[in-house]
Structures are given as C-alpha cells and as structure tokens.
Amino acid sequence: MNLTAKSDDNPRPFKRQKLVSSSPLTSSPAPASVSLAPLPPAVLLVSLPALLAHPPNHRFYVHSLCLSLDALRKCLGLHALPPDIECRAWTGLAEIGMKVIGGGFSQDKNYPWAKGIESEVEKAISKGSIIAQKHPSLRAYMLHLSLLQVELSQWQHKTKFARTQIRNILASFLPTDPLYLVYSAYLASITLFTTPSAPTGTHSPVAAHLFPGTLTQNAQDVHAALAAVRDLEALAGTHGHKPVALLAHVLRLRILIAAEHWEDIPDALERCEAVLGLSYSPAATPRSRKSSEEPQKPEATFIAFEDPFEAAMVVHILMVAVVFFTHVGNAAEASPRLSHLHALLDSGALDKFPDGTVEIVLPNGPPLTISTTHPRVLFLLAFLVSSTAKRDAVGRKPKRKVFAIEGLAAWENNLTQEILFTPWAGMGDVEEVEQHLARIKADLLCELIAVSIMRSEFDTAEQNLDALIAHTRTYELFPRYAARIALHHAHLAHALGQSSRALQCYRAAVHHAERGSFVEIAARAGEVALQIGLRRGMRTASDELEDGDEDGDTMLERKMGMDVARACRGMGGALEAVGRILEACLTSEILRAKQHLKQALSVVTKAQDNHLRALVLALIASHYLHTAGDHALQMLQTCEQLVAGLGAPPTKPVKGQPAVAVGNAPLGLWVGQRFLELFKRAGKEARVQKQQETNVQLAKAVEELARCAMASQNCT
C-alpha cells in the first residue's frame, strides 16, 4: 500500500491532539506530552527483586531468585551508592540468599548459581549492619539484618550462638524502635526455643498440624519459651495492643500442648477464650460473654469473626480445645467447640486468610505480619479433628467413620488444586504444607482403620492398612508411622484371634515407638491384655492351678501388667480406662476390681467411647452374675445393644426378614451365654429357647471369623 497516494475515495481526518486530561483526579489541564525522567540505575536495580517476586510454587520462582540476586549484585557493583540504597541492597541480598538457602538450592548440584551463597549472605549481613550503624536513620535495617543473622545461625546448627544473638537483640531495643520489629524479635526468640532443629521456612506462631515445626520437649527450653511469651504479653499490655496479647495467649497454649503439660492447658485455654469473648456450656452452643447481660434467646447463635487475625486465632484455638478435651475424655466440653468450629468453617472463615498470613495493625508504623497454619491444612485438619473427637463407633453411620471417609475424599479432591502462597514465602513453606497434607491423609487412614476394627469390618481395615503403608512409603513417612502401623496390625490380629501374630506386632510397635509415647503404652497394654486372656483361657481349660496359687511366670506377668497399668495413668481418657481395666483383671480382691471397673466405666462414659464401654460393662456384669443377677442382667442388656451397634449395617433390614446384628461376635457370644445362664437360673424357658437360637447364630459368626483368620494367616 502506498501511504503517500493523493487520491483517496474516503479520506480520514487527522486525529485531534488531546490537550486536556479527562481524569477526574486532575483539576488542571495536562501538558500535551509528559516527559518521564529515567530512574537511576541503582534505584532500578534495587527495586527489581520486588517486581520479580513470585510465590514459591510458581513456575518462574527459581528464575526470579536468580535474576534478583544478579540485579542486587550489579547494584552493589556501582560506584558512589547512597547509604540508604547500599544498605537496602545488602539487606535484599541477605533476604533472597536466605530464601535460596532455606529452599535447599545451595546444596543441590543442579543449581550452580546458588553455590557459595552462604558466605555471600554472611558478607551481606556484615556490610549492611556496618552501614546501618553509621546512619541512625537506617537502624530498622540493622535490626532486620540481626534477625536474619539469627536465622542463618540456626540453619548452621549454631543453636547456642543463635540464642545468644537473639538475647542481645532483645536487650538492645530503644523506645523509638518500630514495634513490628520488636514483636518480630520476640516471636523469633520463642521460635528458637520451641524449634531446635533448623527452620524450613517462615516462622509460624502456631504447633503439630496446627503449629508447624519440630517441637522441643526439653524442660529448660519450655520454661525459656514461656518466659519469652510472658515478656511479649507484658510488652503488648504496655502499649495496649490486644491482638498481640491474644497472640501471646495462643503461643502459650501452643507451647503447653507441645510439651504435654496437660494440667496447665485448661487455664491457658480459658484465657484465650476470655480474650475472644467466648464461653461454652457443656454440650451446648457458645455465647458471647460481652452480651451476657442481654436476655438470651432460646437458641444461642455462633459467634462469627470478621477480622482475619481473630478468625485465624479462633479456628486454631477451637481445634486445640477439641483435641485437648478429646484427649482427656471430656466429650461434653469438646462437642460445643466442635460445633462452633464447623459453623466458622461453613461461614468461610478460612477465606479471610487464603495464603496463610494475617496482619496485626499497629497504631504507629507498619503492621505485624505473621504466618499461620495454611488454610488448606486447616480445612483438611478439620475432618481429622472431627473424626478423632467423635469417639462413638456404635450405629449405622458413626460420625467417626463418616468424617474420616469424607476427609479422605476431600483430600483427593484438593490434590490437584493449586495452593496459594505469598510472594515472600519460601520453598520450605511449600514442603511443609505438602508434608502436613500427606500426614493428615495418613492420620485419616489410621482413624478409618481403627473404627473398622472396632466394628469388625476386617476386610475394610486390611484394605486401608495396605493403603496406609503405600501412602507412607510414597511420601517417605513410613518410619514416622511404623509404630502405629504395627499397632493397627496387632489390633487386627487380636480381633481375629491370631494370638501369636498379635503378640509379635505389639512387640514390634513397642520397639519402633518413642519411649513413653501414647503408641508405646497402648502397645504394651494390648500385649498385657492379650497375655491375660491367654493365661485365663489356659487356666480354665486345664484347671491346673487352684484359686490363690500362682506360678513364677504368672507373678512376673502380674508385675509387668501393673507397671503398664500405672503407665496408662495420665495418658488420656482411653488409656486411663485401659489401665483401670488391667488393674481390675490383675488384682485378686473382688472389691478393688469392682472399684477399678467403676472408675473405668465413668471415664469411658464421659468420653462417649461405647466400644470400651461395652467391654467394661461385660467385665462388671461378670462380677455380679452370682451375687446380683438383676444388676448383671441390666448391664448385659446394655452391653448387648452396644455389641450389636458395633456392626450395624448402613441401612435398616427389610420387614419380614429376620436379621441379627452380629457386631463383635466373640463378645456377643459371651454375653449370650451369660444371658442363657441367668434365664435358666430364673426358669424362663421361653427366653432360654430364644437365646439358644441367637447363640447358635453367634457361634456360627465366631466360627466364620476363625476361618477367615486362618485363611488370612495362611496368606501372610
């Protein structure tokens, strides 16, 4: 086309030059052309890392780190840099260098550009600190660089040196220092005392799945961390920063949970709930204390929290509270808190901090930004907490099983969805979230296996055990779960009547478990219970020993059993009841055995653990069969209902078709035999005939169970 042609059938008018700005933000005419002055090279180079920043799960994350390092190096290579630009460049180099170190790039041969970054970070921290010391206006940079030095020392496993550094930082603060840096230093101090291992990402104020990181059990470190929390709380109280004080309360709760100081947790939990204005009635809905003077409605409403920080904290507190009350066996206190947790999650509380960070707005200066447990972890963790809290395995659709199944389904659905991270997060944060998600699935499988064994759904339990082993091997978690897997195998073999295999698995669980842990004590208790059953069975069959006589092996087993029973005390509601049951079986005094069993019944009833409750009722009934038949009959009737509910089908049977809910067949048969004794003694012929028919069906179920166990044992 000839653009200079003079003949044009449809000539276009020249464009009118725009002389006046139409923007409503300007009140005076703008010039026809605006000439922008180019940025100085130093300013452009030092600003590039912020423009290039990407989340750690972004495909160009590594590129952004590499380019940011090159930009800062070029900036520092320029001559006559202003002190603020040079200090900012050294600080940026130290920050990005720590990201590279935390992501493991410097230890990977596939990233040669990251080699030697450790010495470069040390140099950047030193150079930046020197410049900041010379210029009082740059003091904030010096404090920030000091915290980076602490983080580097911790990564280098110089724990004592890092703690000395953080103490010096806390002692050097001036009244004019920015409060967000002061609070950050206290949080770094608490992190050092609660995570002795090298950090893998940003500091998290919250423990376990809720509070990421390896948590220390050292008593001295626990006291030091609690002292730092008290100082943080005092500082927040001095400046009137209530959100920071709430954070201090949550941190105290976190430390006590990690250190297993169960006796101090109720007080710490009450403080957290008081700050948020919550109060709970057992097995009721929560209400706000702030509105306690107002007339209460017939149905209390759940409290919603609009502030992202408060929403994050209340979700953490409720989860910890549910886990704690479930551990101690107080279902009435756990229930309203779990209901409130579900209401908050249904209202979109996790959407208020989608990337796992929240801000505490401070009156003067920048806000305090903290990293919480990622909302993806909290969402799936809610299923695990709910499954754990619902101890009752009786019924057609027990909630413990339903929450575990739904949690696994949610885990699979969320597997392909991208996780949102902040641009300043590191690869350690991504790996941490992925590990927590993998562990949550393993824990959900453990819950499903446990409830399947309780309900005599042995095929389902075996399938999920295989899935658990495959999953833990895929995500390199098998050593962490080896003891629990062995314990599940022991419980399955025990339920199937495979005594020798059960003993081997119990001992394997004890060998792999941490000394004094819940799994180790549970495995030891299971072994003792099985030994007692085998010994009583042999004694009944041979009747070699007279009452009151004991051989050496029996005395040794009694001593070992009493040691395990004492170890069960203080280990939570379930093991507390198991310990009482063992003591009742090992004592030779009838009255003392009844006392232990009554205490065990109180514990399992309070915890709503009907699986253990059925066993306790059967044991108590056995003590009253010959002395108080009516009392024994009542307990056996309740036990029979629970046993049947431990295997109830999902749907009700069709009318006209007789169906016997077998449930726990061995216990059901034992109960049926006791019924038969009582009915014969009372001369109730009709009941005797009916019970005999029921016992025949139960005996067939037990025989079928034995055949399945034999077939399973031959396959293995």
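Each value, and the rule that gives it
- Residues numbered from 1 in each chain as written.
- Predicted model: local features only at pLDDT ≥ 70, side-chain atom pairs only at ≥ 80, totals over all residues.
- Heavy atoms only, no water.
- UniProt positions renumbered as here; feature names shortened; annotations may be inferred.
- Buried < 20%, exposed > 50% of the residue type's maximum accessible area, 1.4 Å probe, protein only.
- Axes fitted to C-alpha atoms, helices over the stretch in contact; angles between N-to-C directions.
- Helix = DSSP H or I, 4+ residues; strand = E, 2+ residues; numbered from the N terminus.
- Parallel < 35°, antiparallel > 145°, perpendicular 65-115°, else oblique.
- Left-handed = near helix turned anticlockwise from the far one by under 90°.
- Contact = heavy atoms within 4.5 Å.
- Polar contact = N/O pair within 3.5 Å; in protein donor to acceptor, adjacent residues only side chain to side chain.
- Phe/Tyr/Trp six-rings, centres within 6.5 Å; stacked < 30°, edge-to-face > 60°.
- Lys NZ or Arg CZ within 6 Å of the ring centre and 35° of its normal.
- Salt bridge = Lys/Arg side-chain N within 4 Å of Asp/Glu carboxyl O.
- Core = buried A, V, L, I, M, F, W, Y, C linked by side-chain atoms within 4.5 Å.
- Domains from an automatic or database assignment.
- Expected span 1.5 Å × (residues − 1).
- Arc of directions from axis to C-beta.
- Nonpolar A, V, L, I, M, F, W, Y, C, P; charged D, E, K, R; others polar.
- pLDDT = per-residue confidence, 0-100.

The name an unreviewed UniProt entry gives the protein chain is Anaphase-promoting complex subunit 5, with Sparassis crispa as the organism. In UniProt, the protein chain has this text filed under Subcellular location (unreviewed entry): "Nucleus". The Sequence similarities (unreviewed entry) field of the UniProt record for the protein chain holds the comment "Belongs to the SCC4/mau-2 family."

K.L.:
What should I look at first to understand unusual backbone geometry in this one?
P.N.:
Note: most peptide bonds trans; most residues except glycine with negative phi. Its identity is not glycine, yet Ala80 carries a phi of approximately 55°, on the positive side. Assessed through its relative accessible area of 79%, Ala80 is described here as exposed. The backbone of Gln608 sits at a positive phi, close to 60°, despite the residue not being glycine.

K.L.:
I would appreciate a short explanation of the packing of helix α21 (residues 573-586) against helix α22 (residues 590-607) in the present structure.
P.N.:
Axes are the key here: two packed helices are described by the angle between their axes and the distance separating the axes. Across the interface, α21 lies against α22 with an axial gap of 8 Å and an inter-helix angle of 165°. As summarised for this structure, α21 and α22 are arranged roughly antiparallel, according to the angle between their axes. The handedness of the crossing between α21 and α22 comes out as left-handed. Only Ala593, His596, Leu597, Gln599, Ala600, Val603 and Val604 of α22 make contact with α21, whose side of the interface consists of Gly573, Glu576, Ala577, Arg580, Ile581, Glu583 and Ala584.

K.L.:
Explain the side chain of Ser386 here, please?
P.N.:
The topology assignment puts Ser386 in helix α13 (residues 375-389). Given a relative accessible area of 1%, Ser386 falls into the buried group. Side-chain polar atoms of Ser386 contact the side chain of His342, separated by 2.8 Å.

K.L.:
Looking at this model, I keep getting lost on the packing of aromatic side chains. Mind explaining?
P.N.:
Per the counting criterion, the structure on display carries eight aromatic pairs. For the ring pair Phe105 and Tyr111, a centre distance of 4.9 Å and an interplane angle of 80° mean the geometry is edge-to-face. Note on Tyr111: relative accessible area 26%, which makes it partly exposed. Joined through ring pairs, the aromatic side chains of Phe105, Tyr111 and Trp113 make up one cluster. Note that Arg473 overlies the ring of Phe478, its terminal NZ or CZ placed 4.4 Å from the centroid. Seen from the ring of Tyr624, Lys594 lies directly overhead, with NZ or CZ sitting 4.2 Å from the centre.

K.L.:
Could you clarify how one ought to interpret the pattern of salt bridges in this entry?
P.N.:
Side chains bearing opposite charge may pair, as long as their charged atoms lie close to each other. Tallied over the full model, the rule gives 24 salt bridges. Where Glu457 meets Lys401, a salt bridge forms, and the shortest distance between an N and an O atom there is 3.0 Å. Of this pair, Glu457 sits in the loop between α15 (427-454) and α16 (458-474) while Lys401 sits in helix α14 (residues 399-413), and the two are 56 residues apart along the sequence. Among the ionic pairs, Arg484 bridges to Asp443, the shortest N-O distance being 2.8 Å. On the criterion of sequence distance, the pair formed by Arg484 in helix α17 (residues 478-496) and Asp443 in helix α15 is long-range, its members being 41 residues apart. Residue class for Arg484 comes out partly exposed when judged on its relative accessible area of 26%. Using a relative accessible area of 10% as the deciding quantity, one classes Asp443 as buried. Several salt bridges converge on common partners, so that one network encompasses Arg569, Glu576, Arg580 and Glu583.

K.L.:
Help me understand the side chain of Thr472 in this model?
P.N.:
Its location among the elements puts Thr472 in helix α16. By relative accessible area, Thr472 is classed as buried at 0%. Not counting residues within four places of it along the chain, the set of residues in contact with Thr472 comprises Ala442, Leu477, Phe478, Tyr481 and Ile485.

K.L.:
I would appreciate a short explanation of the nonpolar core in the present structure.
P.N.:
Proteins that are soluble and globular tend to have nonpolar side chains buried together. With 118 residues, the main nonpolar core has Tyr183, Leu232, Leu247, Phe305, Phe309, Val314 and Val315 as its most contacted residues. Residue contributions to this core reach at least three from each of two domains, namely domain 1 (40-177) and domain 2 (627-649 + 660-715). The residues touching Phe309, leaving out its near neighbours within four places in the chain, are Pro243, Leu246, Leu247, Val358, Glu359, Ile360 and Ile370. Counting 34 residues, the second-largest nonpolar core is a separate cluster that includes Leu45, Leu69, Ile85 and Ala132.

K.L.:
It is not clear to me how helix α1 (residues 41-52) should be interpreted in this structure. Could you clarify?
P.N.:
The α-helix winds at 3.6 residues per turn, so residues separated by three or four positions along the chain end up facing the same way. Helix length check: α1, at twelve residues, gives a terminal C-alpha distance of 16 Å against a target of 16 Å (1.5 Å per residue), a fit within 8%. For α1, the complete set of buried residues consists of Ala42, Leu45, Val46 and Pro49. Buried residues of α1, seen end-on, are gathered within an arc of 90° and therefore sit on one face of the element. Among the exposed residues of α1, those pointing more than 90 degrees away from its buried face are Pro41, Ala50 and Leu51. Against the buried residues of α1 lie α2 (61-76) and α3 (83-102).

K.L.:
Just to check I follow, could you spell out helix α10 (residues 265-275) for this structure?
P.N.:
All of the buried residues in α10 are Ile265, Ala268, Leu269, Cys272 and Glu273. Along α10, the residues classed as buried sweep out an arc of 135° about the axis, all on the same side. Packed against the buried residues of α10 are α9 (242-259), β1 (278-279), α11 (308-327) and α12 (331-346). Where α10 terminates, the next one or two residues include Gly277, which has phi positive at roughly 75°.

K.L.:
Sorry, what's going on with the packing of helix α23 (residues 610-624) against helix α24 (residues 629-645) here?
P.N.:
Packing of α23 against α24 leaves a shortest axis separation of 8 Å and a crossing angle of 155°. It follows that α23 is roughly antiparallel to α24 by the angle criterion. The handedness of the crossing between α23 and α24 is left-handed. Only Gly629, His631, Ala632, Met635, Leu636, Thr638, Cys639, Leu642 and Val643 of α24 make contact with α23, whose side of the interface consists of Asn610, Arg613, Ala614, Leu617, Ala618, Ile620, Ala621 and Tyr624. A class-by-class count of the residues in the contact of α23 with α24 yields twelve nonpolar, four polar and one charged.

K.L.:
Where do I start with the environment of Asn664 in this structure?
P.N.:
Locating Asn664 in the fold gives a position in the loop between α24 and α25 (665-682). With 53 residues separating them along the chain, Asn664 and His611 place their C-alpha atoms 9.7 Å apart. Reaching out from Asn664, the side chain makes a polar contact with the backbone nitrogen of Leu667 at a distance of 3.3 Å.

K.L.:
Looking at this structure, how should I read the environment of Ala42?
P.N.:
Among the secondary structure elements, Ala42 is positioned in helix α1. Take Ala42: its relative accessible area is 11%, and that puts it in the buried class. In this structure, the C-alpha to C-alpha distance between Ala42 and Lys74, residues 32 residues apart in sequence, is 8.5 Å. The residues touching Ala42, leaving out its near neighbours within four places in the chain, are Cys75, Leu78, Leu81 and Ile85.

K.L.:
Could you clarify how one ought to interpret the confidence of the model for the protein chain in this entry?
P.N.:
Low pLDDT means the predicted atomic positions in that stretch should not be read closely. Within the protein chain, residue pLDDT values average 86, and 85% of them lie at 70 or more. Contacts for the low-pLDDT stretch residues 287-301, under 50 throughout, to residues beyond four places or in other chains number 17 contacts. Segment residues 544-548: pLDDT under 50, and five contacts once partners within four positions in sequence are set aside and those in other chains are kept.

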